[in-house]
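# Observations on chain architecture
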Amino acid sequence: MYGLMMDRPLLISDVLRFSRQNHGGVELVSTMGDGSVHRTTYGQAYGRACQLGGALRGLGVKAGDRVATLAWNDYRHFEIYFAVSGIGAICHTLNPRLFPEQLIYIINHAADRWLCVDPMFVPLVAKLAPRLPTLEGVIVLTGGDLPEVGGLRTEGYEALLEGQPEELEWPEFDERTASSLCYTSGTTGNPKGVLYSHRSTVLHSFGICLPDAAGISMRDSVLPVVPMFHVNAWGMPYACAMVGAKIVFPGPKMADGEVLHRLIVSEGVTLALGVPTIWLALLQYLETSGKDLGPLERTIVGGAACPPSMIRTFKERYGVRTLHAWGMTEMSPIGTVNTPRPEYVNLSPAEKLEKASKQGHGVFGVEMKITGDDGKELPWDGEAFGDLKVRGPWICSDYYEVEGASTSHDDDGWFATGDVATIDADGYMQIVDRTKDVIKSGGEWISSIELENIAVGYPALAEAAVIGVRHSKWTERPLLVVVLKEGVAATREEILAYFGGKVADWWVPDDVTFLDELPHTATGKVQKMELRKTFAGYVLPDDR
Ligand code: ADP
């Protein structure tokens, strides 16, 4: 017997319609490429999304077509998200920092028909144009003059909107219809497309707004310092629209501590989200300028392990709560968030910090398990570690148009994350390492994440990464690669001595090398692959 409840599909267009109706005056603030500040509201954005939806149809865009974006975080990108998915087409966000060859591969693989492009990326597109046969034209995100884009048909965003009605009868369709597409960075082989649906996107938005997830509400002013081309800015545009939270889009200067600080203070930001590297830049700026974080209540730090020293600095020096979170492109991205259980209030500060440093507990909608080499499930005791597997309605069931069976998915429907983790009796998951980053020394595992977390607690270090390098006796040993803070000195010996008493002796890195900067991905994560390449032939001191 079926329940007698309405079978209304969960559609992205309904999210923006709701926010227009209920939160129409709430602001969306954008820092534009030229540094100027633009202000609009959910009400206005809805009208413009309707106009864009109409204009795209006029260009011949049909349900299921892929419309790509090469753009920073701002209001036009927000409107594109809703308009493209709203008419049943697929919003394909492209990462402008990929190598040209990768962009060409991805655009052709997705068979994108139109590309919405920020003026600053026009030269890049012009260069790639001859190799993009599926592309019918580009929409330049401007109200100004149109540049020449490698012979492609070119339309101007504002000109397209002009004259279109500010109301659109959004189509209704199956909620499982594809809504957006994001390729993972593809550390092995070609990048792979993760194809989100309306249903997964709306359910993820509900999930992420829960009080013990990001706890987003209409009282929040949210600064997503996560690019909109990376997992839909962690789902923030949809989630914020769902609850009517103000959004502050940072534009292109995401790793600039001064810009972030100014936005936080001037826009009353209560929640800011980003990868650890971004917050290192902000904390360094605060340290040198002596400024504080005014209205900021909490940060969500994820995408890479958040060092305990960062959690402590945010709390003790600036009164800001850090919620450590874990996720993946394949998971829309939220998997776990770390909010404390009520009984943790009685723990000592050191114990509290230890708990808060884990990647967090599950959010309803994500089931987790860890398995050993034999595939058998391991206990949730905080000690046993194994392959972390997940399943749920916002986790990808397969990649977009890949040949052959997916190696990431078990027959019984679980997705292997490629992370190695423990889960404690309270359900708090802790990443030990990525399967491919784990260092195997004499057959025993060393967690590169744990060593990095300790290293960045050393005051002289701005950033640190640990990779395994070949060793004739132990197979692999840890090498610590560091960047010193500006104007500060430290020796190899001083840095290594800092590990004393914090980890087992055999975990202490064998050597330290100093770099001016670490290689980062477009989203600010350290590119360990690049480091491994750079230090492929590195000979450790006791192996010389
Ligand atoms: P990419 O692999 O393209 O960088 P993702 O953003 O999907 O893309 O990366 C997901 C991976 O990032 C996870 O599988 C995990 O290894 C790592 N990760 C994400 N959040 C955390 C975290 N809080 N701590 C440690 N690792 C994390």
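## Here's the deal with the pattern of salt bridges
For the coordinates displayed, the defined rule picks out 31 salt bridges. A salt bridge links R39 to E27; the nearest nitrogen and oxygen atoms lie 3.3 Å apart. With R39 in strand β2 (residues 37–41) and E27 in strand β1 (residues 27–31), this residue pair connects regions lying 12 residues apart in the sequence. For R39, a relative accessible area of 42% gives the class partly exposed. Residue classification places E27 among the partly exposed residues on the basis of a relative accessible area of 26%. For R532, the salt bridge goes to D437, with nearest N and O atoms at 3.0 Å. Within this pair, whereas R532 is found in helix α16 (residues 528–534), its partner D437 is found in the loop between β20 (428–434) and β21 (439–441), the two being separated by 95 residues in sequence. Using a relative accessible area of 24% as the deciding quantity, one classes R532 as partly exposed. Among the residues examined, D437 registers a relative accessible area of 11% and is labelled buried. A single salt-bridge network, built from bridges that share partners, covers R8, D14, R17 and E172.

## Description of helix α2 (residues 42–58)
When the terminal C-alpha atoms of α2 are compared, their 24 Å separation across 17 residues agrees well with the 24 Å that a helix rising 1.5 Å per residue should span. By the criterion of burial, α2 is predominantly enclosed, with 13 of the 17 residues buried. Positive backbone phi, approximately 95°, marks G60, located one or two places after α2.

## Re the state of the cysteines
Applying the stated rule across the entire model yields zero disulfides. The thiol of C91 is unpaired, and the distance to the nearest cysteine sulfur, on C116, comes to 7.5 Å. C91 sits in the buried class, given a relative accessible area of 1%.

## A short note on the sheet that holds strand β9 (residues 193–197)
Pairing between the strands of a sheet comes from backbone hydrogen bonds, and it takes one of two forms, parallel or antiparallel. Strand order in the open sheet formed by seven strands is β7-β6-β5-β3-β4-β8-β9, with mixed pairing between adjacent strands. Where the open sheet ends on each side, the last strands, each with one partner, are β7 (153–156) and β9. Mean inter-strand twist for the sheet, computed between neighbouring axes without regard to direction, equals 25°. Strands β3 (66–70), β4 (90–93) and β8 (178–183) of the sheet are contacted by helix α4 (residues 100–110), whose axis makes an angle of about 155° with β8. With respect to the sheet, helix α7 (residues 198–209) is in contact with β8 and β9, its orientation differing from that of β9 by roughly 75°.

## Overview of the domain arrangement of the chain
Interface size is commonly expressed as the accessible area that is lost once the parts come together. Taken domain by domain, the chain consists of domain 1 (14–26 + 39–207), domain 2 (364–434) and domain 3 (439–543). If you average the C-alpha positions of domain 1 and of domain 2, the two centres end up 32 Å apart. Here domain 1 packs against domain 2, burying approximately 950 Å² in sum over the two surfaces, 71% of which is carbon and sulfur. Ranking the residues of domain 1 by area buried against domain 2 places H109, K192 and G193 at the top, with a combined share of 37%. Run the count over domain 1 and domain 2 and you get three residue pairs in polar contact (both at pLDDT 80 or more). Of all the secondary structure elements, the ones that give two or more residues to the side of domain 1 that touches domain 2 are α4, β8, β9 and α7. Per-element tally for the side of domain 1 that touches domain 2: the top contributor is α7, with five residues. When its residues are assigned to classes, the side of domain 1 that touches domain 2 shows six nonpolar, five polar and three charged.

## Some remarks on the packing of aromatic side chains
Tallying each qualifying case throughout the model produces 13 aromatic pairs. Each ring, one from W279 and one from F314, has its centre 6.3 Å from the other, and the planes form 75°; the classification is edge-to-face. With a gap of 35 residues between them, W279 in helix α11 (residues 276–289) and F314 in helix α12 (residues 308–318) connect regions that are remote in the sequence. Judged by its relative accessible area of 0%, W279 is buried. Put simply, the rings of Y42, F78, Y81, F82, Y238 and F249 pair up and form one aromatic cluster. In this structure, K502 packs its charged tip against the face of Y498, placed 3.8 Å from the ring centre.

## Quick notes on the nonpolar core
The biggest cluster of nonpolar side chains holds 144 residues, and the ones touching the most others in it are F78, F82, V138, I216, L223, W279 and L293. Three or more residues apiece are contributed to this core by two domains, here domain 1 (14–26 + 39–207) and domain 2 (364–434). Setting aside residues up to four positions removed in sequence, L223 forms contacts with V248, P250, L260, L263, I264, V269, L271, A272 and L273. Membership of the second largest hydrophobic core comes to 21 residues, among which are A455, Y458, L496 and V503.

Analysis parameters
- Residues numbered from 1 in each chain as written.
- Predicted model: local features only at pLDDT ≥ 70, side-chain atom pairs only at ≥ 80, totals over all residues.
- Heavy atoms only, no water.
- Salt bridge = Lys/Arg side-chain N within 4 Å of Asp/Glu carboxyl O.
- Helix = DSSP H or I, 4+ residues; strand = E, 2+ residues; numbered from the N terminus.
- Buried < 20%, exposed > 50% of the residue type's maximum accessible area, 1.4 Å probe, protein only.
- Expected span 1.5 Å × (residues − 1).
- Disulfide = S-S within 2.5 Å.
- Pairing = 2+ DSSP bridges.
- Axes fitted to C-alpha atoms, helices over the stretch in contact; angles between N-to-C directions.
- Contact = heavy atoms within 4.5 Å.
- Domains from an automatic or database assignment.
- Buried area = accessible area lost by both parts, 1.4 Å probe.
- Polar contact = N/O pair within 3.5 Å; in protein donor to acceptor, adjacent residues only side chain to side chain.
- Nonpolar A, V, L, I, M, F, W, Y, C, P; charged D, E, K, R; others polar.
- Phe/Tyr/Trp six-rings, centres within 6.5 Å; stacked < 30°, edge-to-face > 60°.
- Lys NZ or Arg CZ within 6 Å of the ring centre and 35° of its normal.
- Core = buried A, V, L, I, M, F, W, Y, C linked by side-chain atoms within 4.5 Å.

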